[in-house]
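Here are the chains, one letter per residue:
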Amino acid sequence: MAYAADAPVFEPPDRLVRALGETYGEAAAGEWLERLPEAAREALSGRGVEAERVVEPGGRSSLVVLVRRPDAEPAALKLAPPFAAPGLERDALAHWDGWGAVRLLDRAEGPGLLLERLKADVSLRSLPEAKALLEAAGTVRRLWVEPPEGHRFESVADRTARQASAMAGHRADEVAGSLVVAALETRDELVTGASETVLLHGCFRQGKVLAGDRSPWLAVGPEPVVGERAYDLARLVRDRVEDLVATTAGASAARRRVNKLADSLDVDRERLRGWTLFRAVESATRALAAGRGRDAELLLEFAGWL
């Protein structure tokens, strides 16, 4: 059933509510979520589209509504809070122009991002691991291009500096302390020795690559950043971490994954290992701060293998 632009909008999925509060703070998240129904109606009206349904469980930083354009063509409307920098996502998608990523259908600044509709329930996580990694490598390779002139994207050095500052308070942590120290030292070395400056997805993993009609697989949900390619692969290395931890050969499998991805995409193995360590520990400290002890435990065990 389609909904007119002035019709009520579904409530945001629980995962979005939890994730926004954890990432951006309960106050900021709560204020945006309170305004979301009104903002969604404004976006639907402003883009001239009709809502079909909200994608669930959806993402962790935005609400995605499946819509129909005036010509009845399917599309998706993505609504994200201003503190999630949707303008930077628009810039990145416009620059890629559908090359390896979901296509931006309307480049005009305004409420929400109007995107081509992909198969929201079919990501690379639906494939066997080896096939998923192969497809992921082919997809991310296309995203690594020169950033546009005069871009507004944050650098890897600046983004990780902020993260490192937040991590520093965990140096004395009984469980995570030694890995935090190692991750911070590794990050300093990596930033000092960095030489590449390409546009990166910023949050690339199997779940961020969806099936499409125009192309078999397309990336979604970038958190664009400029820097070296090894940074962009670090999150991919730990995909399906729960499966790795559950096997007796998890440590060797993780190291093989680092080497395989590095070699297939011509990235330095040690730099990829280093960024994988930093990003895993950074995620673990955020999980600890949010009270997600089990998630933190998995990430720290994985980081310890590196």
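About the cut-offs
- Residues numbered from 1 in each chain as written.
- Predicted model: local features only at pLDDT ≥ 70, side-chain atom pairs only at ≥ 80, totals over all residues.
- Heavy atoms only, no water.
- Pairing = 2+ DSSP bridges.
- Helix = DSSP H or I, 4+ residues; strand = E, 2+ residues; numbered from the N terminus.
- Axes fitted to C-alpha atoms, helices over the stretch in contact; angles between N-to-C directions.
- Contact = heavy atoms within 4.5 Å.
- 1 Å grid on protein atoms, 1.4 Å probe; cavity = no way out; pocket = protein on both sides within 12 Å on 5 of 7 lines; lining within 4 Å.
- Points joined across faces, edges and corners; volume = space filled by probe spheres on them.
- Nonpolar A, V, L, I, M, F, W, Y, C, P; charged D, E, K, R; others polar.
- Expected span 1.5 Å × (residues − 1).
- Buried < 20%, exposed > 50% of the residue type's maximum accessible area, 1.4 Å probe, protein only.
- Salt bridge = Lys/Arg side-chain N within 4 Å of Asp/Glu carboxyl O.
- Core = buried A, V, L, I, M, F, W, Y, C linked by side-chain atoms within 4.5 Å.
- pLDDT = per-residue confidence, 0-100.

### Details of the sheet that holds strand β8 (residues 209–211)
Link 1 in the chain: What the three strands build is an open sheet, ordered β5-β8-β9; its pairing is antiparallel. Both outer strands of the open sheet, β5 (119–123) and β9 (217–219), are each paired with one neighbouring strand and no more. The average undirected angle you get between the axes of adjacent strands in this sheet is 55 degrees.
Link 2 in the chain: Inspection of the sheet shows β5 paired to β8 by two bridges, in the antiparallel sense. By the bridge assignment for β8, Ser123 is matched with Leu210.
Link 3 in the chain: In this fold helix α4 (residues 129–143) packs onto β8 and β9, with an angle of close to 50 degrees to the strand it touches most, β9.

### Brief notes about the layout of surface pockets
Link 1 in the chain: Of the volumes computed, that of the second largest pocket is approximately 230 Å³.
Link 2 in the chain: Lining of the second largest pocket is provided by 16 residues; of these, Trp32, Leu79, Ala80, Pro111 and Gly112 occupy positions nearest its centre.
Link 3 in the chain: Looking at the lining of the second largest pocket, the elements with two or more residues in it are α2 (26–47) and α3 (86–96).
Link 4 in the chain: In terms of residue count, the dominant contributor to the lining of the second largest pocket is α2 (six residues).
Link 5 in the chain: For the lining of the second largest pocket, the class distribution of residues is eleven nonpolar, two polar and three charged.

### Describing helix α10 (residues 269–289)
For the α-helix, the turn length of 3.6 residues means that residues three or four positions removed from each other point alike.
Link 1 in the chain: Compared with the 30 Å implied by 1.5 Å per residue over 21 residues, the 30 Å span of α10 between its first and last C-alpha is a close match.
Link 2 in the chain: Extensive coverage of α10 is indicated by the burial of 15 of its 21 residues.
Link 3 in the chain: Positive phi appears at Gly291, one or two residues downstream of α10, with a value of about 80 degrees.

### So, the pattern of salt bridges
Link 1 in the chain: In total, this model carries 24 salt bridges according to the counting rule given.
Link 2 in the chain: The salt bridge partner of Glu52 is Arg117, with a shortest N-O separation of 2.9 Å. In this pair, Glu52 is assigned in strand β1 (residues 50–54) and Arg117 in the loop between β4 (113–116) and β5, connecting sequence segments 65 residues apart.
Link 3 in the chain: Residue classification places Arg117 among the partly exposed positions, given a relative accessible area of 21%.
Link 4 in the chain: A salt bridge links Glu282 to Arg286; its shortest N-O distance comes to 2.7 Å. Highlighted residues: Glu282 and Arg286, both in helix α10, separated by four residues, approximately one helical turn.
Link 5 in the chain: Its relative accessible area of 8% is what places Glu282 among the buried residues.
Link 6 in the chain: Its relative accessible area of 40% is what places Arg286 among the partly exposed residues.
Link 7 in the chain: The network of salt bridges with shared partners includes Arg125, Arg235, Asp239 and Glu242.

### Points about the environment of Ala303
Link 1 in the chain: On the secondary structure map, Ala303 appears in helix α11 (residues 293–305).
Link 2 in the chain: Sequence spacing of Ala303 and Ala284 is 19 residues, and the spatial spacing of their C-alpha atoms is 9.2 Å.

### Brief notes about helix α1 (residues 14–24)
Link 1 in the chain: Residues of α1 that are buried: Leu16, Ala19, Leu20 and Gly21.
Link 2 in the chain: Where α1 terminates, the next one or two residues include Gly25, which has phi positive at roughly 100 degrees.

### Looking at the sheet that holds strand β10 (residues 225–227)
Link 1 in the chain: Read across the sheet, three strands follow the order β6-β10-β7 without closing on themselves; strand pairing throughout is mixed. Each end of this open sheet is capped by a strand with a single partner; those strands are β6 (154–155) and β7 (198–200).
Link 2 in the chain: Inspection of the sheet shows β6 paired to β10 by two bridges, in the parallel sense. Opposite Glu154, over in β10, you have Val225 as the bridge partner.

### Observations concerning the nonpolar core
Link 1 in the chain: Core analysis: the biggest nonpolar cluster contains 74 residues, and Phe204, Leu233, Leu272, Trp275, Val281 and Phe302 have the highest contact counts within it.
Link 2 in the chain: A per-element tally of this core places α10 first, with seven residues.
Link 3 in the chain: Look past the residues within four positions of Leu272 in its chain and what remains in contact with it is Ala230, Leu233, Ala234, Val237, Val258, Leu261, Ala262 and Val267.
Link 4 in the chain: Ala29, Leu36, Val49 and Leu114 belong to the second-largest nonpolar core, a separate cluster that totals 19 residues.

### Considerations on unusual backbone geometry
One can expect most non-glycine residues to show negative phi and most peptide bonds to be in trans.
Link 1 in the chain: The step from Glu56 to Pro57 runs through a cis peptide bond, and the omega angle for that step is 5 degrees.
Link 2 in the chain: In this structure, Ala72 takes a positive phi of about 75 degrees despite not being glycine.
Link 3 in the chain: Locating Ala72 in the fold gives a position in the loop between β2 (63–68) and β3 (74–79).
Link 4 in the chain: Backbone geometry places Ala85, a non-glycine residue, at a positive phi of 55 degrees.
Link 5 in the chain: Of note, Ala85 is situated in the loop between β3 and α3.

### Topic: the confidence of the model for the protein chain
Link 1 in the chain: Here the protein chain averages 92 in pLDDT, while 97% of its residues score no lower than 70.
Link 2 in the chain: Scored below 50 in pLDDT, residues 1–9 shows 21 contacts in the model against residues more than four places distant or in partner chains.

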